[in-house]
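Architecture and fold: a report
What follows is the residue order along each chain.
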Amino acid sequence: MSSEIVSRPHVENFINWSKDKPKVLVLSADLTNSCEVGKWRDTYPERFFSMGMAEQNMVSFAAGLAREGFEPWLHTFAVFLYRRPLDQLQMSVAYPNLPVRFVGFLPGITTPGGVTHQAIDDVNVLRGVPNMTILETGDATEIESVLDVAHAIKGPVYIRMLRGEVSRLFDKSEPMQLNTARVLSEGSEITLLTSGITTEEAMRATKILRERGVEIQHLHISTLKPFEDPQVIAALHKAQKGIITMENHSVIGGLGSIVAELMAENAIGKPLIRIGLNDTYAHGASQKYLLNHYELDAMALIKKVEILCDKEFNISAEEIPSAREISVHSSAKVEAL
Amino acid sequence: MTNLDLEKVQKQANNIRKRVLEHTVKNNGGYLSQACSAAEIAAALYGGLANLAPLKAPLAPALFQGVPSKNFTEYQTGAVFHGEQTPTSDRLIISPAHYALVIYTALIESGRLREDSLDFFNKDGYNIEMIGAEHSPGFETTTGSLAQALSQAGGIALARKLKKESGKVWVFMSDGEFQEGQTWEALAAINYHDLTNVKIIVDVNRNQCDGPMDTVMTIEPLAQRIKSFGWTVDVIDGHNLSQMYQVGAKETFKPHAILAYTDPMKNIEILSERLPILHYVRFSSESEREKYREFYEAWNL
């Protein structure tokens, strides 16, 4: 699988996008360069506000700004947007349905920062928050186009954001669209739903699985709430052998749970296998290591497809197109986190 | 303020206590000590301390219209009771939402809320609830989770500064909130961003849910602490209106905190029989309730 690697797409894109939007502000909690808005700050210093390491205050402050007609885009690591200031997110922002944008970096195991930095239950926590929209980026095109999707929503939006070196899996001419899955392959045996970085992993496996004769309907999901795309329900109905979800998140409360609820509500009685972190915290290591260690990678998917097909494909690791490796010390990141 | 004006506001403050007492007796429960401590503060805020546009006529409470959502965007907040918002008018954010009854009675006294409104207080289906949220009269934002109001006010003040509006943002706070870490984050941020349009007035009644604050978690020396965060701090007698107006009108070069030290049993001295717990009054017996009823009937302030 070949895909273009893009270095820090958010940096210039966000600057250009903000140019004609004077109400767009950025609030940051001491992770400005780590969240790729250092140049944004230098370009629009009058619209950038340093709030220090004080996320509870930052979230309620953003609510005040939004109430007065501004559109604050909070940039920090995801864990510091939904864990520490959850009460502020709920009472100051979500209850009044204010247009605050929570740009959460380092979703799931995309960081060697370990348990303190890995947002593994953010979708689970925030799905239960009324008025909240939840988006997840899976490549450079989605990093670029998620801005328009969020901007069009009147209420609060939480974004699982990627940074650093990212693949461009989807053509620039096909931007993210709210509540609309991307159909990456058609097939009637297995329906596979993936989100975020797991889509790239899954694409490594689906190619060779198709070559072994497995028919896979692969959908990439970028809107986790709301979750009302009719294409998804149709794809769930279509699966003859079963359904697999794959997410860079706990299997509890994220994509897998959402799909399980949808299946139950639509009386779709089929096997469902949820790939994700199995109700566990992770630890600090490289993304490649963690994907493998926690069985979130291409090979893990192949094993689950074998279960649903009741068949072994004898695919060796060497046959799977190699994953691009992201160096822990990549120059596209300001620190090794 | 002329002496005549001060007398009028003092009368309103007395009436706030009287109305809350009446209500507490009638309903066998209420946040009575908060009326004792904060009556002058609330009466002053609605009596010119905060620059709020007048209303043509008092508004009535309404049926609860639903929570804000994508299907309900024409949501009206309690700010309508504060008059038309203009670039020069002040905002008034009520932080301790459990002071709702004090705020509602202050709104009645200042001609912003209809006289009979307390008949609907805490009545199922109405917006004039026991703990106010932003649909309740006088509540511009949702703040009952303590300490969030000051940060919200900081955001509003920053927005108004960006829009070059001259109006101030007043925050009415309770002293217990200074136990919350977020309050200190907000104090630091408001000073750091030079938001001199923020003014807070704190009801320092030194009591909280579990009892006297010193037995729960001390916040003193409060003035010194807030000063060390870069604020201008004034300490006043929270029942002295002339002092309150004098200090409140002060132009400061730093964000301004007014610490109003108060008596949570002011004018209703029989509350001392309930010490050390004053947070919420629910009568322990019919005879206790009768005692308060008699106290109310003999009210002559």
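Here the structure is a predicted model, which is why all the values come from computation and not from measurement. (Residues numbered from 1 in each chain as written. Chains lettered and ligands numbered in written order. Predicted model: local features only at pLDDT ≥ 70, side-chain atom pairs only at ≥ 80, totals over all residues.)

Let's shift gears to the interface of chain B and chain A. At the junction of the two partners, chain B supplies 24 residues and chain A supplies 25 residues. Elements supplying a minimum of two residues to the side of chain B that touches chain A: α4 (148-162) and α5 (181-192) of chain B. The biggest single contributor to the side of chain B that touches chain A is α4 of chain B, with ten residues. (Contact = placed C-beta atoms within 7 Å. Helix = DSSP H or I, 4+ residues; strand = E, 2+ residues; numbered from the N terminus.)

Let's shift gears to the packing of helix α1 (residues 3-27) of chain B against helix α8 (residues 286-297) of chain B. All names here are of chain B. Following both chains from N to C, one finds α1 and α8 inclined at 150°, their axes separated by 10 Å at the closest point. Relative to α8, the element α1 lies roughly antiparallel. Handedness of the α1/α8 crossing: left-handed. Contacts between α1 and α8 involve Leu21, Glu22 and Val25 from the first element and Arg289, Tyr292, Arg293 and Tyr296 from the second. Tallied by class, the residues present in the contact of α1 with α8 amount to four nonpolar, no polar and three charged. (Axes fitted to C-alpha atoms, helices over the stretch in contact; angles between N-to-C directions. Parallel < 35°, antiparallel > 145°, perpendicular 65-115°, else oblique. Left-handed = near helix turned anticlockwise from the far one by under 90°. Nonpolar A, V, L, I, M, F, W, Y, C, P; charged D, E, K, R; others polar.)

Of note, the bond from Lys225 of chain A into Pro226 of chain A is cis; its omega dihedral lies within 30 degrees of zero at 0°. Here the amide bond leading from Leu275 of chain B into Pro276 of chain B is cis, since omega sits at 10°, within 30 degrees of zero. Following the sequence through the fold, Pro276 of chain B ends up in the loop between β7 (256-261) and α8. Unlike most non-glycine residues, Asn28 of chain B shows phi in positive territory, near 55°. Its location among the elements puts Asn28 of chain B in the loop between α1 and α2 (32-49).

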